[in-house]
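# Chains, contacts and geometry: an overview
Spelled out from the first residue to the last, the chains are:
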Amino acid sequence: MTIRVIIVDDQAMVRAGFAALLDAQSDIDVVGDAADGAQALEVNGRTHPDVVLMDVRMPVMDGLEAARRLLDPPVPGAHRPKVLMLTTFDVDDYVYEALRAGASGFLLKDAPPADLIAAVRVVAAGEALLAPSVTRRLIEDFARTRPARRRAPETRLNGLTPRETEVLELIARGLSNQEIAADLVLAEQTVKTHIGRILAKLGLRDRAQAVVLAYESGLVTPGR
């Protein structure tokens, strides 16, 4: 199945470059682009993409506000794409907030072309793009420098089994399913089952929100 993508960035050259790269893939089709968040909402409603590549800093409406509106549309049943944030900075508060809003991850604009292509495929498949060490650094730096934003452990976590809590901690530390399976001596399919139950119990959309909750609740702290 072809992955439908729109590219949102205020620089025309960036949009054109990303579009040329992605359109060259047999399984990816760039169906639109936008120069700001407001345009992104209009293009999304018209094209119904699977993935939105969203720049963080743009005029008129930034990527954070656009991501919030795309992922929590005011109209019931409205199309909700996966959102992959693009940034020139490896630690960016706006990207963290986008993860909290439900974005599936983020990617540096200067990442190798192969990483961008892989990222679109990973996000389209329903996974969160959290494996790169830069993402762990983003969340850990946010938690370390802004402790006032963090809350006491949430009562929602009480509904997890001890094993599910272990899995959530390892997710928050950036481990892949394969790494979690090796660490806990489990089958990878069992890990996937645990993750599905964790997301369902906590009312989370994906792995990205699970990581954010683990840090904000105090279940995991940087350097521990």
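In this text the structure is predicted, and so the values were computed from the model without any measurement.

Core analysis: the largest hydrophobic core is formed by 23 residues, its most contacted members being Leu157, Val167, Leu168, Ile180 and Leu202. Secondary-structure elements contributing two or more residues to this core are helix H7 (162-172), helix H8 (177-184), helix H9 (188-202) and helix H10 (207-216). In this view, leucine 157 contacts Leu168, Leu202, Leu213, Ser217 and Leu219; residues no more than four positions away in its chain are not counted. With 20 residues, the next largest nonpolar core counts Ala40, Leu64, Ala67 and Ala103 among its residues.

On to the pairing of strand S3 (residues 51-55), then. Every other side chain in a regular strand lies on the same face of the sheet, so the side chains alternate between the two faces. When you tally the buried positions in S3, you get five out of five residues, the bulk of the element. The alternating pattern of S3 places Val51, Leu53 and Asp55 on one face and Val52 and Met54 on the opposite face, and all of these are buried. Strand direction decides the pairing type here: strand S1 (residues 3-8) and S3, joined by four bridges, are parallel. Bridge pairing links isoleucine 7 to leucine 53 in S3. Relative to strand S4 (residues 82-87), S3 runs parallel, the two sharing five bridges. Paired with valine 52 across the bridge in S4 is valine 83. As a crossover connection, the stretch from S3 through helix H3 (residues 63-71) into S4 is right-handed.

On to the sheet that holds S3, then. Taken in spatial order, the five strands make up an open sheet running S2-S1-S3-S4-S5, and their pairing is parallel. The sheet terminates laterally at strand S2 (28-34) and strand S5 (105-108), the two strands that pair on one side only. In this sheet, neighbouring strand axes are inclined to one another by 25° on average, regardless of whether the strands run parallel or antiparallel. Packed onto the sheet, helix H5 (residues 113-124) meets S1, S2, S3, S4 and S5 and runs at close to 130° relative to S3.

With that out of the way, let us pick up the packing of H8 against H9. Pairs of packed helices are described in terms of their axes, by the angle between the two and the distance that separates them. Two elements in contact, H8 and H9, have axes whose closest approach is 8 Å; the angle formed by their N-to-C orientations is 105°. Judged on the interaxial angle alone, H9 and H8 are roughly perpendicular. Taken together, the residues of H9 that come into contact with H8 (itself represented by Asn177, Gln178, Ile180 and Ala181) are Glu188, Val191, Lys192 and Ile195. Across the contact of H8 with H9, the residue classes break down as four nonpolar, two polar and two charged.

The next point concerns the pattern of salt bridges. The final tally for this structure, using the stated rule, is nine salt bridges. Residue aspartate 9 is joined to lysine 109 by a salt bridge in which the shortest nitrogen-to-oxygen separation is 2.7 Å. On the criterion of sequence distance, the pair formed by aspartate 9 in the loop between S1 and helix H1 (12-23) and lysine 109 in the loop between S5 and H5 is long-range, its members being 100 residues apart. The residues aspartate 9 and lysine 109 share a single accessibility class, namely buried. One salt bridge connects arginine 121 with aspartate 27, and the closest N-O pair in it is separated by 2.9 Å. With arginine 121 in helix H5 and aspartate 27 in the loop between H1 and S2, this pair connects stretches of sequence that are 94 residues apart. Overall, the relative accessible area of 34% leaves arginine 121 in the partly exposed class. Three or more residues joined by partner-sharing salt bridges are found here, namely Asp9, Asp55 and Lys109.

Rules and cut-offs
Residues numbered from 1 in each chain as written. Predicted model: local features only at pLDDT ≥ 70, side-chain atom pairs only at ≥ 80, totals over all residues. Heavy atoms only, no water. Core = buried A, V, L, I, M, F, W, Y, C linked by side-chain atoms within 4.5 Å. Buried < 20%, exposed > 50% of the residue type's maximum accessible area, 1.4 Å probe, protein only. Helix = DSSP H or I, 4+ residues; strand = E, 2+ residues; numbered from the N terminus. Contact = heavy atoms within 4.5 Å. Pairing = 2+ DSSP bridges. Right-handed = clockwise from strand over helix to strand, strands pointing away. Axes fitted to C-alpha atoms, helices over the stretch in contact; angles between N-to-C directions. Parallel < 35°, antiparallel > 145°, perpendicular 65-115°, else oblique. Nonpolar A, V, L, I, M, F, W, Y, C, P; charged D, E, K, R; others polar. Salt bridge = Lys/Arg side-chain N within 4 Å of Asp/Glu carboxyl O.

These results come straight from atomic positions and should not be treated as a statement about function.
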